[in-house]
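Listed below are the residues making up each chain.
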Amino acid sequence: MPAQSDIDSNGETGVRSALLLIAVFLALRLLISWIFPATNDEAYAITVSRDWSLSYFDHPPVAFTLARLMAWLTGTESVAVIRLPFIFAGAVSGWLIWDITRLAYGRSAAFWALAWYSVAPFFFISAGHFVVPDGPLNLALLATLRLVLPDLLAPGAKLRTGRWLSAGLFFALALASKYQAALFGLSALIFLIASPAHRRLLASPTLWATLAIAMLGLVPTLVWNASHDWISITFQAGRASADSGILHPVNFLSVLGGQIIYLLPGTWLVILTASLGGLIRPERTADRLFAWFAIVPPALFLAIALLSRDSLAHWAMSGFMFGFPLAGRWTANNVDRFRGLILFTFRAACALVPAVALIVALQSRYSFAGRVIPGLPQNWEIGRELQDWTALAEAWPKLGAPSAVIVKSWVFGAKAGHALGPTIDVIPLSDPRHFQYLETGAHDTAIAVLPARAGDDESVLRDYVRLLENAGYRPTGAPTVISQMTGSRPQFELLVIPVEKQ
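Residues numbered from 1 in each chain as written. Predicted model: local features only at pLDDT ≥ 70, side-chain atom pairs only at ≥ 80, totals over all residues. Heavy atoms only, no water.

Caption draft 1: Inspection of unusual backbone geometry at higher detail. One non-glycine residue, Trp230, lies in the positive phi region at around 55 degrees. Within the secondary structure, Trp230 sits in the loop between helix 13 (219-226) and helix 14 (231-240). Positioned with a positive phi, Ala401 is a non-glycine residue whose angle comes to about 50 degrees. (Helix = DSSP H or I, 4+ residues; strand = E, 2+ residues; numbered from the N terminus.)

Right, dumping it as C-alpha cells:
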C-alpha cells in the first residue's frame with residue numbers, strides 16, 4: 001500500500017492504488033464464485049427467469065433479466081457464469097465510490113472509501129457477487145450521483161442538462177432493480193429542501209425532466225403489477241408493515257446487529273458518527289449530501305424493524321453505501337493519529353472477510369471439514385441452502401423422469417428447479433412466490449420432494465402428505481430417501497414420493 005503522502009501528492013499513484021485494490025477483490029470474487037454453489041435466492045432467480053416477465057413477484061425485473069440474458073448468451077445456467085455481470089457490477093461500483101469520494105474530498109479519502117467498501121462483508125460477497133438485485137441497484141445509484149455530483153458540489157453553477165438527463169436513465173435502471181431505489185429519491189429531496197443553496201433546483205425544468213425519465217424505470221413493474229392484483233406491492237408492504245401497538249425489540253436488535261456485521265463494526269460506527277456530524281455541523285456541501293443519503297434508509301428500516309417482525313438487515317445497505325465517502329474522509333483525516341489501529345483493522349479485514357467467504361464456499365462444495373476436524377458428526381451439514389441438489393438430478397431418471405417436481409415452498413422449488421433444469425416444471429404447494437405465475441403443463445404424475453433434517457419424525461411426513469392431498473395429489477408409492485453427498489459425506493436427505501393427480 002503506498003504511503004499516505006504518495007496518495008495525496010501523486011494522482012497517478014492514487015489511481016493505480018485504486019485499480020489494484022479493485023482488481024485484487026475482483027479476482028477474489030471470481031475465485032469464490034467458481035467454487036460457491038448457488039444460494040436459494042440465486043437458484044430462484046435463475047429458475048423463475050426461464051419464463052421471462054416484465055416484472056416479478058419479489059422484485060423489479062433487472063436482476064432476473066440479467067440472469068436470463070447470461071444464460072441465453074452462454075447456453076448454460078452455471079451459477080459461476082450467471083454471476084459474472086453481478087461481480088463486475090460490484091467492481092465498477094467500487095470505482096465509482098472512489099471517484100465520487102475523489103471529487104468530494106480528494107484522493108486520500110477516495111482510497112480509504114474504496115478500502116472500506118472492498119472489505120465490507122455485504123458488499124464483498126452479496127451485493128458484489130450473488131445473483132440478487134443489490135448489485136445492479138448499487139451500480140445504478142452510484143452512477144446517478146456521479147453524473148450530477150459536480151453540479152451539486154457547486155450549487156450556483158449552471159446545470160449540465162446532458163449529465164442530468166443521463167442520470168435520469170441510471171435512476172430509472174435503479175428503480176427497475178429494487179424498490180429501495182425510491183429511498184435514494186427521498187434522500188435527495190430531503191437534501192434539496194434542507195439546503196438553502198440547493199432549493200432553487202426544485203424549480204429547475206432540468207430536475208423535473210430528469211425525474212420524468214427516471215419514472216420510466218417504474219413502468220414495467222407497474223404494468224405487471226396492475227395485471228397481477230398489485231401482488232408485489234402488497235407483499236413488500238406486508239413484510240414492512242407495523243404490528244399495531246406492538247414493539248419488537250428482538251427484531252430491532254437483530255437488524256441492527258446484522259447491519260453492523262455487514263459493514264464491519266468500525267466502519268459502521270464511523271459512518272454513523274460522520275453522517276450525524278454531516279447533518280449537525282457540516283463543513284462542506286458534500287458532508288450534508290452524503291449524510292442524508294446514508295442516514296435516511298437505515299433510520300427508516302430500523303424504525304420498521306422495531307415495529308414489525310419480518311424486516312431484514314440488508315434492506316438498508318444501499319443507504320449505508322453512501323457513507324463510505326464519509327468513512328474515507330474520516331480515515332484520511334485521522335490516519336496519522338491512529339495509523340497503527342487503522343492499518344491493523346484494514347489488513348485484518350482484508351485477510352478475514354475473503355477467508356471466511358472462501359471457507360464457506362469450499363465447505364459447501366467439498367465438505368472438507370469432516371476430514372480435518374476429528375469427531376465432527378457424520379451428518380454434519382453446512383446447510384442445504386448453500387449446496388447444489390445434485391443428488392436429485394442424478395436420481396431423476398431412476399424415478400421415472402416425470403416432467404414435474406412438487407415441493408413445499410419457493411425455497412425448495414428454487415433448489416430443485418435449478419438442479420433439474422428447464423424441462424422440469426416446479427410446483428410449490430405453499431408460498432410459491434413467482435412460481436405461481438410460470439406456465440406449467442397438466443401433470444397427471446409427478447415426484448414430490450421433501451428435504452429432511454436430523455430429528456424429523458413421522459409427523460413431518462404426514463403433514464406433507466396432507467398438504468399434497470389438499471392440493472389434489474395422491475401418493476402412489478412409499479417415500480424413498482436420497483442422500484446428498486458432498487466430498488463423500490452425507491449432508492442432508494431428500495424424501496421423494498411418487499404422486500398422481502386425483
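Caption draft 2: Local environment of the environment of Leu269. Within the secondary structure layout, Leu269 lies in helix 16 (residues 265-280). Residue classification places Leu269 among the partly exposed residues on the basis of a relative accessible area of 46%. For the pair Leu269 and Ala327, spaced 58 residues apart in sequence, the C-alpha separation works out to 9.2 Å. (Buried < 20%, exposed > 50% of the residue type's maximum accessible area, 1.4 Å probe, protein only.)

Caption draft 3: Structural detail: the packing of aromatic side chains. Scanning the entire structure with this criterion turns up 27 aromatic pairs. Taking the centre distance of 5.8 Å and the plane angle of 70 degrees together, the rings of Tyr44 and Phe435 count as edge-to-face. With Tyr44 in helix 3 (residues 40-48) and Phe435 in the loop between strand 2 (425-428) and strand 3 (445-452), this pair connects stretches of sequence that are 391 residues apart. According to the relative accessible area criterion, Tyr44 is buried, its value standing at 3%. Classification of Phe435 by relative accessible area gives buried; the value is 4%. The positively charged end of Lys501 is found above the aromatic ring belonging to Tyr473, 4.4 Å away from the centroid. (Phe/Tyr/Trp six-rings, centres within 6.5 Å; stacked < 30°, edge-to-face > 60°. Lys NZ or Arg CZ within 6 Å of the ring centre and 35° of its normal.)

Caption draft 4: The arrangement of empty space enclosed by the protein in detail. If you walk through the whole model with that rule in mind, you get 3 cavities of 30 Å³ or more. Considered as a void within the structure, the largest cavity measures approximately 50 Å³ in volume. Taken together, Leu141, Gln180, Leu183, Phe184, Ser187, Phe293, Pro297, Ser318, Gly319 and Phe322 make up the lining of the largest cavity. At the level of secondary structure, the elements contributing two or more residues to the lining of the largest cavity comprise helix 11 (181-194), helix 17 (285-307) and helix 18 (317-320). Counting residues per element, the lining of the largest cavity draws most heavily on helix 11, which supplies 3 residues. Classifying every residue of the lining of the largest cavity by side-chain character gives 6 nonpolar, 4 polar and no charged. Space inside the second largest cavity adds up to approximately 40 Å³. Leu21, Ile22, Phe25, Arg29, Gly90, Ala91, Gly94, Leu114, Tyr117 and Ser118 are the residues that line the second largest cavity. Elements with a contribution of two residues or more to the lining of the second largest cavity: helix 2 (11-35), helix 6 (84-105) and helix 7 (107-119). With 4 residues, the single largest contributor to the lining of the second largest cavity is helix 2. Considering only residue class, the lining of the second largest cavity consists of 6 nonpolar, 3 polar and 1 charged. (1 Å grid on protein atoms, 1.4 Å probe; cavity = no way out; pocket = protein on both sides within 12 Å on 5 of 7 lines; lining within 4 Å. Points joined across faces, edges and corners; volume = space filled by probe spheres on them. Nonpolar A, V, L, I, M, F, W, Y, C, P; charged D, E, K, R; others polar.)

Caption draft 5: Main features of helix 10 (residues 161-175). The terminal C-alpha atoms of helix 10 lie 21 Å apart, and with 15 residues this matches the ideal 21 Å at 1.5 Å per residue to within 8%. Of all the residues in helix 10, the buried ones are Trp164, Ala167, Gly168, Phe171, Ala172, Ala174 and Leu175. With its buried residues spanning 155 degrees around the axis, helix 10 presents them on a single face. Residues of helix 10 that are buried in the fold lie against helix 9 (134-153), helix 11 and helix 12 (205-215). (Expected span 1.5 Å × (residues − 1). Arc of directions from axis to C-beta. Contact = heavy atoms within 4.5 Å.)

Caption draft 6: Highlighting the pairing of strand 3. With 7 of its 8 residues buried, strand 3 lies for the most part within the structure. Note that strand 1 (residues 404-407) and strand 3 share 2 bridges and pair parallel. Within strand 3, the residue paired with Val405 across the bridge is Ile447. (Pairing = 2+ DSSP bridges.)

Caption draft 7: How the structure looks around the nonpolar core. By size, the foremost hydrophobic cluster in this structure holds 94 residues, and its most contacted members are Trp112, Phe123, Leu141, Leu145 and Phe324. Counting residues in hydrophobic clusters, the runner-up holds 41 residues, among them Tyr44, Trp396, Val407 and Val411. (Core = buried A, V, L, I, M, F, W, Y, C linked by side-chain atoms within 4.5 Å.)

Caption draft 8: Examining the layout of surface pockets more closely. The space that makes up the second largest pocket amounts to roughly 520 Å³. Considering the residues around the second largest pocket, the lining is formed by 25 residues, among which Phe171, Gly185, Ala188, Leu207 and Leu211 are closest to the centre. Residue contributions to the lining of the second largest pocket peak at 8 residues, all from helix 11. Among the residues forming the lining of the second largest pocket, the class breakdown is 22 nonpolar, 3 polar and no charged.

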